[in-house]
Amino acid sequence: MRLKISLLKEPKHQELVSCVGWTTAEELYSCSDDHQIVKWNLLTSETSQIVKLPDDIYPIDLHWFPKSLGIKKQTQAESFVLTSSDGKFHLISKLGRVEKSVEAHCGAVLAGRWNYEGTALVTVGEDGQIKIWSKTGMLRSTLAQQGTPVYSVAWGPDSEKVLYTAGKQLIIKPLQPNAKILQWKAHDGIILKVDWNSVNDLILSAGEDCKYKVWDSYGRLLYSSQPHEHPITSVAWAPDGELFAVGSFHTLRLCDKTGVRNVLNDAVDLLEFRDRVIKASLNYAHLVVSTSLQCYVFSTKNWNTPLIFDLKEGTVSLILQAERHFLLVDGGGIYVYSYEGRFISSPKFPGMRTDILNAQTVSLSNDTIAIKDKADEKIIFLFEASTGKPLGDGKLLSHKNEILEIALDQKGLTNDRKIAFIDKNRDLYITSVKRFGKEEQIIKLGTMVHTLAWCDTCNILCGLQDTRFTVWYYPNTVYVDRDILPKTLYERDASEFNKNPHIVSFVGNQVTIRRADGSLVHISISPYPAILHEYVSSSKWEDAVRLCRFVKEQTMWACLAAMAVANRDMTTAEIAYAAIGEIDKVQYINSIKDLPSKESKMAHILMFSGNIQEAEIILLQAGLIYQAIQININLYNWERALELAVKYKTHVDTVLAYRQKFLETFGKQETNKRYLQYGEGLQIDWEKIKAKIEMEITKERERSSSSLSSKNMGLKH
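Report follows, based on the coordinates.

Reading the values: rules and limits
- Residues numbered from 1 in each chain as written.
- Predicted model: local features only at pLDDT ≥ 70, side-chain atom pairs only at ≥ 80, totals over all residues.
- Heavy atoms only, no water.
- Pairing = 2+ DSSP bridges.
- Helix = DSSP H or I, 4+ residues; strand = E, 2+ residues; numbered from the N terminus.
- Axes fitted to C-alpha atoms, helices over the stretch in contact; angles between N-to-C directions.
- Buried < 20%, exposed > 50% of the residue type's maximum accessible area, 1.4 Å probe, protein only.
- Contact = heavy atoms within 4.5 Å.
- Arc of directions from axis to C-beta.
- Polar contact = N/O pair within 3.5 Å; in protein donor to acceptor, adjacent residues only side chain to side chain.
- Phe/Tyr/Trp six-rings, centres within 6.5 Å; stacked < 30°, edge-to-face > 60°.
- Lys NZ or Arg CZ within 6 Å of the ring centre and 35° of its normal.
- Salt bridge = Lys/Arg side-chain N within 4 Å of Asp/Glu carboxyl O.

**Here's the deal with the sheet that holds strand β23 (residues 251-256)**
And step 1. Taken together, three strands build an open sheet; the order of strands is β21-β22-β23 and the sheet is antiparallel. Where the open sheet ends on each side, the last strands, each with one partner, are β21 (234-237) and β23. Averaged over all adjacent pairs, the angle separating strand axes in this sheet is 15°, with direction ignored.
And step 2. With four bridges connecting them, β21 and strand β22 (residues 243-248) associate as antiparallel partners.

**Observations regarding the side chain of Ser79**
And step 1. Examined against the element boundaries, Ser79 turns out to sit in strand β6 (residues 79-84).
And step 2. Take Ser79: its relative accessible area is 10%, and that puts it in the buried class.
And step 3. Setting aside anything within four residues of it in sequence, one finds Ser79 in contact with Trp64, Phe65, Ile92, Ser93 and Lys94.

**Thoughts on the pairing of strand β26 (residues 294-299)**
And step 1. In terms of residue burial, β26 counts as a mostly covered element, since five of its six residues are buried.
And step 2. Where strand β25 (residues 286-291) meets β26, five bridges bridge the pair, whose relative direction is antiparallel. The partner of Val289 across the bridge, within β26, is Tyr296.
And step 3. Count of turn residues in the β25/β26 antiparallel hairpin: two residues.
And step 4. In terms of strand pairing, β26 meets strand β27 (residues 302-310) through five bridges, oriented antiparallel. Counterpart to Cys295 in the pairing with β27 is Phe309.
And step 5. Connecting β26 to the next strand, β27, in antiparallel fashion are two residues.

**Some words on helix α8 (residues 612-621)**
And step 1. Of all the positions in α8, only Ala615, Glu616, Leu619 and Leu620 are classed as buried. Angularly, the buried residues of α8 cover 130° about the axis, an arc narrow enough to put them on a single face. Exposed residues on α8 whose side chains face more than 90 degrees from its buried face are Gln613 and Gln621.
And step 2. Elements in contact with the buried residues of α8: α7 (598-608), α9 (625-634) and α10 (638-647).
And step 3. In the stretch just after α8, Gly623 is the one whose phi turns positive, near 80°.

**Observations regarding the environment of Lys213**
And step 1. Inspection of the secondary structure assignment puts Lys213 in strand β19 (residues 212-216).
And step 2. Relative accessible area serves as the criterion here: at 10%, Lys213 is assigned to the buried category.
And step 3. For the pair Lys213 and Val235, spaced 22 residues apart in sequence, the C-alpha to C-alpha distance is 9.8 Å.
And step 4. Among residues more than four places away in sequence, those in contact with Lys213 are Ala186, His187, Ile203, Leu204, Ser205, Leu221, Tyr223 and Ser224.
And step 5. A polar side-chain atom of Lys213 sits 2.8 Å from the main-chain carbonyl oxygen of Ala186.

**Here we look at the sheet that holds strand β9 (residues 109-114)**
Sheets are built from strands paired through backbone hydrogen bonds, the pairs being either parallel or antiparallel.
And step 1. Read across the open sheet, the four strands follow the order β9-β10-β11-β12; overall the sheet is antiparallel. Of all the strands in the sheet, the pair left with one neighbour each is β9 and β12 (139-145). Strand-to-strand, the axes of this sheet are offset by a mean angle of 20°, without reference to chain direction.
And step 2. As judged from the five bridges shared by β9 and strand β10 (residues 120-125), these two strands associate in the antiparallel manner. Along β10, the bridge assignment pairs Trp114 with Leu121.

**Points about the packing of aromatic side chains**
And step 1. The final tally for this structure, using the stated rule, is 26 aromatic pairs.
And step 2. Judged by centre distance (4.9 Å) and plane angle (70°), the ring pair of Phe89 and Trp133 falls under edge-to-face. Of this pair, Phe89 sits in strand β7 (residues 88-93) while Trp133 sits in strand β11 (residues 129-134), and the two are 44 residues apart along the sequence.
And step 3. In this structure Phe89 comes out as buried when scored by relative accessible area, which is 0%.
And step 4. Taking the centre distance of 6.1 Å and the plane angle of 35° together, the rings of Phe298 and Trp303 count as tilted.
And step 5. Of the residues examined, Phe298 reaches a relative accessible area of 3% and is grouped as buried.
And step 6. For Trp303, a relative accessible area of 36% translates into the label partly exposed.
And step 7. Linked through ring pairs, Phe309, Phe326, Tyr337, Tyr339 and Phe343 together constitute an aromatic cluster.
And step 8. When the ring centre of Phe343 is taken as reference, the NZ or CZ atom of Lys312 above it lies at 5.4 Å.

**Focus: the pattern of salt bridges**
And step 1. In this structure the tally under the stated criterion is 28 salt bridges.
And step 2. Asp55 is the salt-bridge partner of Lys52, the closest N and O atoms lying 3.8 Å from each other.
And step 3. The class of Lys52 is partly exposed, set by a relative accessible area of 45%.
And step 4. For Asp55, a relative accessible area of 56% corresponds to the exposed category.
And step 5. Of the charged contacts, one joins Glu582 and Lys585 as a salt bridge, the two residues approaching to 3.9 Å between their closest N and O atoms.

None of the figures reported here should be taken as evidence of function without further support.
Put into structure tokens, the structure is as follows:
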């Protein structure tokens, strides 16, 4: 990535240019001390004067009214605020008409910024005041007042906080009265400029100490530049939060978010484009490139004839790829296209803001799109990729805490699709995307997880956990047998990656991690778990067992055990559990094999995985009432056992007998009112109860053998 700089032979402005603002990716407005506002078009290289301001107005700062879906058609979306040295700010239309001028500060108005919703404007001035205005220019409040000029201001990503300069200090002040203020010394000289990005939540500051710095929203320093020759007078984030620009005397630098300079482009110039390249993504054997006007889709098998289609807006901020299609995000919306260039869908939800979406808050798989809500950060919206409609019955995925990062797994069937996410406590959770009419469990996988990624070829998950790099070879283990989850993990020390590393990609068996200094580190993990996933997805159980015997690693056997139970292959499960020394589970699997009917076997397999309700439903649907009652007795679910016995008018005495035996073992007296009610005057006859149980088992065995013989008869015919 390099800056492309061009100079006109004759300058269009006669005096110093004080502020500029982009309207689109190719159109720019500039204001100057010569009182002119000039429009520049990068495509046609045309410039035109929009308006000549009165001679007493010297512009200082310019900010365009934000574009968003809700106000796209309103005229105000085509206007900007201009602050000036006479203590006023001016609301000016795109055509150059001054709609309103407002007396705002004593002395120059040094900066003005719209919030992200376009509902409020903040201005700061030489008088040290920070004022909040309505979008029509009515004063709402004076947020703060200090004795020194405030040179720069920025809104927080949620539009609920304001960041402003105070000499060498930076201050974050919430709009709510009496809320806690965050203040810290940021530079050794006066701070001249700040910017706060809504996508990555990082803060930039520039000062007279000739340094620029990157901070997180808690005021922790992430990067500090070396001192330059001159004060840093301007800094600005790119909308997607990946890059920022730094301006000083005769100097313009383009940096990535870690503060490292991109000096060389190391790539070979093979592909040329008519327009400026804005975004590019290479994955799944396709290169997707967005320019200011068009999207190019290259196949890695053929670089000469890309597929090209026009873009609705030339401001693509994000490209995500899945195996079958890719997703573009621009100022107008979210769009899914096939690799043949066919438009597939455009998911929407109320209050959607595309300007804050990034790779951590949007995820794409072959069948699903997941988008984190900005209005309520505890919610994830789920859509069908093929239609853009809400998934299934339209249920949202709701969590107890705010969610920071989301990621969909990439392989397997739609019904098995899983989503992993990190919440604000840095806990990692996993849950099923498909709801099936019941509330799916959201299960914790790990703690202190800072970044995560799914493998592109199989459903293996990796993450950086505090000081460890962790790989969950089979995350689905939490739904099958949570006890053996620790045995399915691979862990190694991650202290070599220093602070704030980020997982860039997980391709095949190679994980790419970006350190805080911008350098890339590659980690190779074992290729065998991916091969195991492939065997299991093809039901090649013998090959899977053979692979585990060859590798001789506990993690492989543990993964195979969980995979076998998930796929109801209890023979393989028995072998795998024996290999990791889980003898009690081997015995339980053996007992399942001896059960008389397939419904009983299925129910006990579900119980093995902890799915008690599903096990009970299967037994009740098959008419195996006693077995449904018995599993509740075995689990000491006494209320449910009695409820079933009463409902189906059978084995009430059996439940009461087991309850009495249980209480006698612990020397307790019956206190449950329902048990006292049904046990009143009832004599427990164990011989009679055992005979009834034997009869139930015989009946089940006979029914199972008769259904098997009828199936065989059908095969003969």
